[in-house]
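This is what each chain is made of:
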Amino acid sequence: MIAPHATSAPASVRAVTKAVVPAAGLGTRFLPATKATPKEMLPVVDKPAIQYVVEEAAAAGLDDVLMVTGRHKRAIEDHFDNAFELEQALAAKGDTVRLDSVRDPARLANIHHIRQGEPLGLGHAVLCARRHVGDQPFAVLLGDDLIDPRETLLSRMLDVRDQYAGSVVALMEVDPEQIHLYGCAAVEATGEDGVVRVTGLVEKPSRRDAPSTYAVIGRYVLDPAVFDTLERTPPGRGGEIQLTDALQELAADGTVHGVVFDGLRYDTGDKTDYLRTVVRLACARDDLGPEFVAWLKEFVAGLEAGAADGGRRQAA
């Protein structure tokens, strides 16, 4: 059991309007597809993964989005810009459905771009946003983690920020055997269902050293105080500036809370999980789902029948 910890709400909290989307990674796990195409632009059904992330931010009321990119990421900027020639061609054909789909990315929010000159880690990518964010609280959304559009995790985190101030991280319970893949949080209860106080954070601990099975997933609402902390945070695991290390320092002051999420989350940073994500989101689509699910059932039945036939032949 987690012992309750009393926390009082602040007198006032500044509203969150800005989101930062780190998108400077090399995407080495998806080579050779990402040799010339940013991993964030890999399609999930018929939209690039990063569009789902920006749509999530916009749905939560964040209308100012800064993308922290790197070299060879111009495709991201182009996707969220107007495409005059393409729009003109679609308009001339009267293809309003595709025309709207092409225009939608540029209409989601006020989108800005900055480059992370060196691959120095997530903490450094967040630090690159300092001048744009200023002294305002802000959200950070990682493109590898897609939250199902029907979930309201980010809005819930913004509510918790309004209530407690400080910073808020998204947590999800994972199998102990998987905790070494994530940042891990030590927590105390607040007395509020699904909300905990984070007392410590460890980046990718071994199962033996993990303080809990609560993994930090790719959603944060951060107080601007994190910037000063990141400025003095030395390189940590992997020689990179880890956001987890900076949040560990803030957690020691009792200013970090966690929202425990048990909804639908898709990991597009792994090949197998990426394929699962495409299948799941395709099945959930009204326009694609019925036909695709019917085909999928037939396909799986065929696989099972083939396996059974193979087993009989082997036994014979």
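Residues numbered from 1 in each chain as written. Predicted model: local features only at pLDDT ≥ 70, side-chain atom pairs only at ≥ 80, totals over all residues. Heavy atoms only, no water.

It is worth spelling out the overall build of the protein chain at this point. In terms of helices and strands, the protein chain carries eleven helices and 13 strands. For the protein chain, whose C-alpha radius of gyration is 21 Å, the value lies close to the compact-globule estimate of 20 Å for 316 residues. When the 316 residues of the protein chain are sorted by exposure, 44% land in the buried category. In the protein chain, of all internal contacts separated by at least 6 residues, the share reaching a separation of at least 24 is 77%. Each charge class in the protein chain was averaged separately, 34 positive and 47 negative side chains, and the resulting centres sit 4 Å apart. (Helix = DSSP H or I, 4+ residues; strand = E, 2+ residues; numbered from the N terminus. Rg over C-alpha atoms; globule rule 2.2 N^0.38 Å. Buried < 20%, exposed > 50% of the residue type's maximum accessible area, 1.4 Å probe, protein only. Contact = heavy atoms within 4.5 Å. Lys, Arg positive; Asp, Glu negative; His and termini not counted. Charge placed at Lys NZ, Arg CZ, Asp CG, Glu CD.)

A few words now on the pattern of salt bridges. As enumerated under the stated definition, the model contains 24 salt bridges in all. The closest approach of N and O atoms between Glu-177 and Arg-207, which form a salt bridge, is 2.2 Å. Taken as a pair, Glu-177 in the loop between strand E8 (167-173) and strand E9 (183-189) and Arg-207 in the loop between strand E10 (195-203) and strand E11 (214-222) lie far apart in primary sequence, 30 residues in all. Taking the relative accessible area as the measure of exposure, Glu-177 reaches 45% and is therefore partly exposed. Close ionic contact of Glu-249 with Arg-232 constitutes a salt bridge, the shortest N to O distance being 2.6 Å. Pair noted here: Glu-249 is in helix H9 (residues 243-251) and Arg-232 is in the loop between helix H8 (225-231) and H9, with a separation of 17 residues, a long-range link. The class of Arg-232 is exposed, set by a relative accessible area of 53%. Bridged by salt links that share partners, the residues Arg-29, Lys-39 and Asp-144 form one connected network. (Salt bridge = Lys/Arg side-chain N within 4 Å of Asp/Glu carboxyl O.)

Moving on to helix H4 (residues 96-107). Helix length check: H4 (twelve residues) gives 16 Å between terminal C-alpha atoms against 16 Å at 1.5 Å per residue, within 8%. Every buried residue belonging to H4 is among Leu-99, Val-102 and Pro-105, and all of these are buried. Buried residues of H4, seen end-on, are gathered within an arc of 130° and therefore sit on one face of the element. Of the residues in H4, the exposed ones pointing more than 90 degrees away from the buried face are Thr-96, Val-97 and Arg-107. Summarising the contacts, the buried residues of H4 are in contact with helix H1 (49-59), helix H2 (74-79), helix H3 (84-93) and strand E5 (110-115). (Expected span 1.5 Å × (residues − 1). Arc of directions from axis to C-beta.)

Tallied over the full model, the rule gives four aromatic pairs. Aromatic pair Phe-30 and Tyr-274: ring centres 5.5 Å apart, planes at 75°, arrangement edge-to-face. On the criterion of sequence distance, the pair formed by Phe-30 in the loop between strand E1 (18-23) and strand E2 (43-44) and Tyr-274 in helix H10 (residues 271-283) is long-range, its members being 244 residues apart. The class of Phe-30 is buried, set by a relative accessible area of 11%. Measuring from ring centre to ring centre gives 5.1 Å for Phe-138 and Phe-227, while their planes differ by 5°; the resulting arrangement is stacked. Residue Phe-138 is located in strand E6 (residues 138-141), and its partner Phe-227 is located in helix H8; the two are separated by 89 residues in the primary sequence. Assessed through its relative accessible area of 0%, Phe-138 is described here as buried. Lying across the ring of Tyr-52, Lys-47 places its NZ or CZ 4.4 Å from the centre. (Phe/Tyr/Trp six-rings, centres within 6.5 Å; stacked < 30°, edge-to-face > 60°. Lys NZ or Arg CZ within 6 Å of the ring centre and 35° of its normal.)

Another point: the pairing of E8. Taken across its seven residues, E8 has six buried, putting it largely inside the fold. In this structure, E8 lies alongside strand E12 (residues 256-260), joined through five bridges in parallel fashion. By the bridge assignment, Ser-167 is partnered in E12 with Val-256. (Pairing = 2+ DSSP bridges.)

The next thing to look at is the pairing of E11. On any regular strand, side chains alternate: one points to one face of the sheet, the next to the other face. Counting buried residues along E11, nine of its nine residues qualify, which places the element largely inside the surrounding structure. Bridge count between E8 and E11: six bridges; the pairing is antiparallel. In the sheet register, Val-169 faces E11, and the bridge partner there is Tyr-220. Note that E9 and E11 share two bridges and pair antiparallel. Of the residues in E11, the one forming a bridge with Cys-184 is Ala-215.

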